[in-house]
Amino acid sequence: MRGVILYGPRDVRCEEVPEPKILQPTDAIIRLSATCICGSDLWPFRGLNDVKSPLAMGHEYCGIVVETGSAVTSVKPGQFVVGSFCLSDNTCPHCRFGFQSSCEQREFMTGAQAPLARVPLADGTLVATAELPPDDLIPSLLATSDVLGTGWYAADAARVRPGATVVVVGDGAVGLMAVLAAKQMGAERIIAMSSHKTRQDLALEYGATDIVSERGDPGVARIKQLTSGIGADAVLECVGTSQSMTQAIQCARPGAMIGYVGVPHGVELDGQSLFFSQTGMLGGPAPVRRFLPHLMDLVLRRKINPGKVFDLTLPLADAAEGYRAMDERRAIKTMLRL
């Protein structure tokens, strides 16, 4: 079969790779219905993460189970499943506390930009649907695997409540999903920070009430102006740069929570400033498995449509173009069909 391999900065290829096999009794093999490129895939693509050896790319996935290991009991061949990018047993103390992304057996999914993928810890990672979903819901179900679950975690970590004023920093796919999540959680005012028209339009469709196109200090000043000098009740940081994190902290009112899910690159926090800001912070890799049953149910009942975040669809063979389109901001998020 053919799969996507990253060899180094801007060197991504779709080439022949071995078909996955059951290696542990807790494994499952799935045939993917669709896969996609994640914003976090762009960090190594751009050379900002070291690539010391070829990387099998892809950690967002959904599809049909074709084989299971002898210890797997919760899913079976023929079922449609969605899994988290963080693999977990869903039974350890951290999993039971709702933080499956810190599972004692945690692994990170790889190799999902391919027709077949091996999913370790299948019982704790995969969630099956009652029946095969219609094809038009595949993009939205795929989104629950990471990007929606991550945006949802940003809102959950920031303790978004009904009636809240929320600021979303970042207009990538995760930021847009954070807007959707804040709306679903009952936020009254959602201020999306974005300077790109197509992303602004989708943010508004997902529930944003205001758009702030400025960044840095001018962006913070605009937020303060919109909130009568108070700041936001909750801030969702969905980028991971020093500027975005500083912006998030400065937009927050005293007592606010900041949910940060952008993978940090070059972020350093000043303890004195953080101390006197009187804001709380919770983030990290999203415990998507905690939210998966609820998010899948919302999709299957057509209450939400996160699949609209995929604004470019390509065959797997054209994955390199998908990476370039996202890198150049010609696409928000690329779905790869198999």
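Bear in mind the structure is a predicted one, so any value in this text is a computation, not a measurement.

Visitor: Tell me about the overall build of the protein chain, and name the residues and values.
Guide: The helix and strand tally for the protein chain stands at 12 helices and 18 strands. Here the C-alpha atoms of the protein chain give a radius of gyration of 19 Å, agreeing with the 20 Å that 2.2 N^0.38 yields for 338 residues. Across the 338 residues that make up the protein chain, the buried fraction comes to 54%. Across the protein chain, every contact between residues at least 6 apart in sequence was considered, and the portion connecting residues at least 24 apart equals 69%. By element, 50% of the accessible surface of the protein chain is carried by carbon and sulfur atoms, the whole surface being about 14,300 Å². Mean positive and mean negative side-chain charge positions of the protein chain (32 and 35 charges, respectively) differ by 3 Å.

Visitor: Could you give me a rundown of helix α8 (residues 216–226), with the residues and numbers involved?
Guide: Within α8, burial applies to G216, G219, V220, I223 and L226. Along the long axis of α8, the arc covered by the buried residues comes to 125 degrees, so they all point the same way. More than 90 degrees from the buried face of α8, the exposed residues found are D217 and Q225. Against the buried residues of α8 lie β11 (165–169), β12 (189–193), β13 (210–212) and α9 (242–251).

Visitor: Explain unusual backbone geometry to me, and be specific about the residues and the numbers.
Guide: Here the phi dihedral of N90 falls at roughly 65 degrees; this positive angle occurs in a residue that is not glycine. Note on placement: N90 falls in the loop between β7 (86–87) and α2 (93–96). Here the phi dihedral of Q278 falls at roughly 55 degrees; this positive angle occurs in a residue that is not glycine.

Visitor: Could you give me a rundown of the packing of aromatic side chains, with the residues and numbers involved?
Guide: Summed over the entire model, instances satisfying the criterion amount to 5 aromatic pairs. With 5.3 Å between their ring centres and 40 degrees between their planes, F45 and Y323 make a pair best called tilted. Separated by 278 residues along the polypeptide, F45 in helix α1 (residues 42–45) and Y323 in helix α12 (residues 319–327) bring together distant segments of the chain. You'll find F45 and Y323 in the same group, each marked buried.

Visitor: Before we move on, could you go through the packing of helix α5 (residues 147–157) against helix α11 (residues 288–300) and cite the residues and values that matter?
Guide: Between α5 and α11, whose axes approach to 10 Å, the crossing angle comes to 110 degrees. The angle between the axes of α5 and α11 places the two elements in the roughly perpendicular class. For the pair α5 and α11, the contacting residues are L148, G149, T150, W152, Y153 and D156 in the first and V288, R290, F291, H294, L295 and L298 in the second. Looking at the contact of α5 with α11, its residues break down into 7 nonpolar, 3 polar and 2 charged.

Visitor: Residue-level account of empty space enclosed by the protein, with values.
Guide: Tallied over the full model, the rule gives 1 cavity of 30 Å³ or more. Volume-wise, the largest cavity comes out at about 30 Å³. Taken together, the elements giving at least two residues each to the lining of the largest cavity come down to α6 (173–184) and β12. Per-class residue counts for the lining of the largest cavity are 6 nonpolar, 3 polar and 1 charged.

Visitor: Could you give me a rundown of the environment of P306, with the residues and numbers involved?
Guide: Turning to its location among the elements, P306 is positioned in the loop between α11 and β17 (312–315). Owing to a relative accessible area of 0%, P306 belongs among the buried residues under this scheme. A C-alpha to C-alpha distance of 10 Å links P306 and A178, two positions 128 residues apart in sequence. If sequence neighbours within four positions are ignored, P306 has contacts with S140, A143, L148, M177, L180, Y206 and V299.

About the cut-offs
Note on numbering: residues in each chain are counted from 1, in written sequence order. Whole-chain, interface and lining totals are the exception, using all residues; otherwise, since this is a predicted model, local features are given only for residues with pLDDT of at least 70 and side-chain atom pairs are given and counted only at 80 or more. Water and hydrogen atoms were dropped before computing side-chain values, which therefore reflect all heavy atoms in the structure. Counting from the N terminus, the helices are the DSSP runs of H or I reaching at least four residues and the strands are the DSSP runs of E reaching at least two. Two things to know: the radius of gyration comes from C-alpha atoms, and the globule rule equals 2.2 Å times the number of residues to the power 0.38. Under the scheme applied here, a residue whose accessible area is under 20% of the maximum for its type counts as buried, over 50% as exposed, and between as partly exposed, the area being computed with a 1.4 Å probe on protein chains only. Contacts were defined at the residue level, with two residues in contact if any of their heavy atoms lie within 4.5 Å. Note on areas: Shrake-Rupley, 1.4 Å probe, and residue coverage restricted to the protein chains presented here. Residues scored as charged are limited to Lys and Arg (positive) and Asp and Glu (negative), so that His and the chain ends carry no count. For charged residues, the charge sits on one atom: NZ in Lys, CZ in Arg, CG in Asp, CD in Glu. What the arc covers is the set of directions going from the helix axis to the C-beta atoms. Classification of ring pairs rests on two measures: the distance between centres of Phe, Tyr or Trp rings, Trp counted by its six-membered ring, which must be within 6.5 Å, and the angle between planes, read as stacked under 30 degrees, edge-to-face over 60 and tilted in between. Axis angles are defined between N-to-C directions and span 0 to 180 degrees, where every axis is a line fitted to C-alpha atoms and, for a helix, only to the segment in contact. When describing relative orientation, an angle under 35 degrees is termed roughly parallel and one over 145 degrees roughly antiparallel, while 65 to 115 degrees is termed roughly perpendicular and anything else oblique. Classification used: nonpolar for Ala, Val, Leu, Ile, Met, Phe, Trp, Tyr, Cys and Pro, charged for Asp, Glu, Lys and Arg, polar for all others including Gly. Cavities and pockets were defined on a 1 Å grid built over protein atoms only: a cavity is a set of grid points that admits a 1.4 Å probe from which the probe cannot escape, a pocket is an open set flanked by protein on both sides within 12 Å along at least five of seven lines, and lining residues are those with an atom within 4 Å of any such point. Grid points are joined across faces, edges and corners, and a volume is the space filled by probe spheres set on the points.

Just geometry here; none of it tells us what the structure is for.
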